[in-house]
Amino acid sequence: MKHTKIIDCTIRDGGLVNNWDFSVEFVQDLYNGLNDAGVEYMEIGYKNSAKLLNATEPNPWRFLDDQFLKEIIPEKKFTKLSALVDIGRVDPNDVLPREQSILDMIRVACYVREVDKGLELVQMFHDMGYETSLNIMALSSVPEHQLIEAFEMVKESPVDVVYIVDSFGSLDPSDIEHQVKKFQSMLPNKQLGIHTHNNMQLAFANTITAMRNGVTFLDSSVYGMGRAAGNCNTELLVSYIPKTTYELKPVLGIIEKHMLEMRQKWEWGYIIPYMISGVLNEHPRVAMAHRSSTERDKFVEFYDKVTTPESSVATV
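Keep in mind the model is a prediction, meaning the values are calculated, not measured.

K.L.:
So what about the sheet that holds strand S6 (residues 161–165)? Which residues, and what values?
P.N.:
Read around the closed barrel, the eight strands follow the order S1-S2-S3-S4-S5-S6-S7-S8; overall the barrel is parallel. On average, each strand axis in the sheet is tilted by 25° relative to the strand beside it, whichever way the strands run. Pairing between S6 and strand S7 (residues 191–195): five bridges, direction parallel. Each residue of the ladder has a partner; that of Val165, found in S7, is His195. Running over the sheet, helix H6 (residues 173–186) touches S6 and S7 and is turned about 155° from S6.

Written as structure tokens, this is what we have:
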């Protein structure tokens, strides 16, 4: 466990909850708090292109700018900074070489069918000096043969970390153990990471299971803030993992100062429609739409809707 590293995704994944409506003060307090807590990485947002996404409103945490980041965090401390990019949404011209940037790691998110494109970006970021990861999304719905084909390419790439991503929050600890062993056997030369969602109240258990089986990079977010059901909680990891460098109190300070109020304004966490989407191994988009409707608390109606044969998200 001494090699374990936490990557806090509160800004990046939590931004999917509130359209990245975070104040500069919050991001600064989060960085300083995570640093004091001994957390190794903070993912400060997406390094995607506003132009490619036809975005008209400024959104500094979704479209990270290096100069802006240097103003926000003028003094880099122990905690490293990472950013995530999506296939087809990042402009290479927006990315500075690592020695000119405040970022340390760039992570590439892709589906298994896009691994070749993901690895092209990984190679580019690696050549620019960044630490890199490849986060293969929706793992629970990937056919085995596709994963094997993808890993033949991944094995030969310079990527530092390959992520097991439970996008739908549908996996349990036995599934995680199986996936970790499979990844280890097919990618013996790579470090592994884990990114979980809490649809079935298993994000923490799944993350700990992965860690006990040799996964070193653990994604989490403060107070579990992340898309829909949210993520594994940073405060749980720093209090559970027996590392002398971890300290819980600074994370509790972030929650007390900022996140109790946020939780009143924005919704995330274990909620029945998100649980149902996890049980069905489906993307939570339908559940998120239901929670935004006037029928948000009609759980039986939602269950019937998504399990009828006519439903596009019915079980197979």
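Picking up after the structure, the text goes on.
K.L.:
I'd like to hear about the nonpolar core, residue by residue, with values.
P.N.:
Counting residues in each nonpolar core, the largest one holds 80 residues, and the members touching the most others are Ile44, Trp61, Phe125 and Leu134. Not counting chain neighbours up to four residues away, the residues in contact with Phe125 comprise Val85, Val90, Val95, Ile106, Val108, Tyr130 and Thr132. The next biggest cluster of nonpolar side chains, apart from the first, holds nine residues, and it includes Ile271, Tyr274, Ile276 and Val306.

K.L.:
Got a sec to walk through the pairing of strand S8 (residues 217–220)? Specific residues and values, please.
P.N.:
When a strand is regular, its side chains alternate between the sheet's two faces. Burial of the side chains of S8 extends over both faces: Phe217 and Asp219 are buried on one face and Leu218 and Ser220 on the other. Across four bridges, strand S1 (residues 5–8) lies against S8 in parallel orientation. Residue pairing for S8: Ile6 is matched across the bridge by Leu218. Two elements, S7 and S8, share two bridges in a ladder whose sense is parallel.

K.L.:
Can you lay out the pattern of salt bridges for me, pointing to particular residues and giving the numbers?
P.N.:
Counted according to the given criterion, the structure contains 20 salt bridges. With its nearest N and O atoms 3.5 Å apart, the salt bridge here joins Glu25 to Lys257. You can see Glu25 sitting in helix H2 (residues 24–37) and its partner Lys257 sitting in helix H9 (residues 249–265), a full 232 residues away along the chain. Of the residues examined, Glu25 reaches a relative accessible area of 44% and is grouped as partly exposed.

K.L.:
Which residues make up the UniProt feature "domain: Pyruvate carboxyltransferase" (unreviewed entry) in the chain, and what values go with them?
P.N.:
When the UniProt feature table is mapped to this numbering, "domain: Pyruvate carboxyltransferase" (unreviewed entry) covers residues 4–256. Between the first and last C-alpha atoms of residues 4–256 the distance is 26 Å; the span itself is 37% helix and 17% strand.

K.L.:
Go over the packing of aromatic side chains with me, naming the residues and quoting the values.
P.N.:
A full pass over the atoms with the stated rule returns seven aromatic pairs. Residue placement shows Arg107 over the ring face of Tyr163; its charged tip is 4.8 Å from the ring centre. Residue placement shows Arg263 over the ring face of Trp268; its charged tip is 5.3 Å from the ring centre.

K.L.:
Would you mind going over the environment of Ser221 in detail, with residue names and values included?
P.N.:
When you line up the elements, Ser221 lands in the loop between S8 and helix H8 (234–240). Residues contacting Ser221, with those up to four places away along its chain left out, are Asp8, Cys9, Thr10, Gly226, Asn231, Cys232, Asn233, Thr234 and Glu235.

K.L.:
How would you summarise the domain arrangement of the chain if you had to cite specific residues and measurements?
P.N.:
According to the domain assignment, the chain consists of domain 1 (5–265) and domain 2 (272–307). Between the C-alpha centres of domain 1 and domain 2 there is a distance of 26 Å. Between domain 1 and domain 2, the contact holds 10 residues from the first and 10 residues from the second. By the criterion of area lost to domain 2, the three top residues of domain 1 are Phe168, Asn199 and Ala228, representing 54% of everything that side buries. Between domain 1 and domain 2 we count zero salt bridges in total. In this structure, the connection of domain 1 to domain 2 is made through four residue pairs in polar contact (both at pLDDT 80 or more). Of the residues contributing to the side of domain 1 that touches domain 2, the split by class is four nonpolar, five polar and one charged.

K.L.:
Any chance you could break down the pairing of strand S3 (residues 80–86) for me, citing the residues and the numbers?
P.N.:
The element S3 is largely enclosed, with a buried count of six among its seven residues. Sheet topology places strand S2 (residues 41–46) next to S3; four bridges connect them, and they run parallel. From the neighbouring strand, Tyr41 faces S3, where its bridge partner is Lys80. In this fold, S2 hands off to helix H3 (residues 66–72), which returns the chain to S3; that crossover is right-handed. In terms of strand pairing, S3 meets strand S4 (residues 105–110) through five bridges, oriented parallel. Bridging across to S4, Leu84 finds its partner in Arg107.

Calculation rules
- Residues numbered from 1 in each chain as written.
- Predicted model: local features only at pLDDT ≥ 70, side-chain atom pairs only at ≥ 80, totals over all residues.
- Heavy atoms only, no water.
- Pairing = 2+ DSSP bridges.
- Helix = DSSP H or I, 4+ residues; strand = E, 2+ residues; numbered from the N terminus.
- Axes fitted to C-alpha atoms, helices over the stretch in contact; angles between N-to-C directions.
- Contact = heavy atoms within 4.5 Å.
- Core = buried A, V, L, I, M, F, W, Y, C linked by side-chain atoms within 4.5 Å.
- Buried < 20%, exposed > 50% of the residue type's maximum accessible area, 1.4 Å probe, protein only.
- Salt bridge = Lys/Arg side-chain N within 4 Å of Asp/Glu carboxyl O.
- UniProt positions renumbered as here; feature names shortened; annotations may be inferred.
- Phe/Tyr/Trp six-rings, centres within 6.5 Å; stacked < 30°, edge-to-face > 60°.
- Lys NZ or Arg CZ within 6 Å of the ring centre and 35° of its normal.
- Domains from an automatic or database assignment.
- Buried area = accessible area lost by both parts, 1.4 Å probe.
- Polar contact = N/O pair within 3.5 Å; in protein donor to acceptor, adjacent residues only side chain to side chain.
- Nonpolar A, V, L, I, M, F, W, Y, C, P; charged D, E, K, R; others polar.
- Right-handed = clockwise from strand over helix to strand, strands pointing away.

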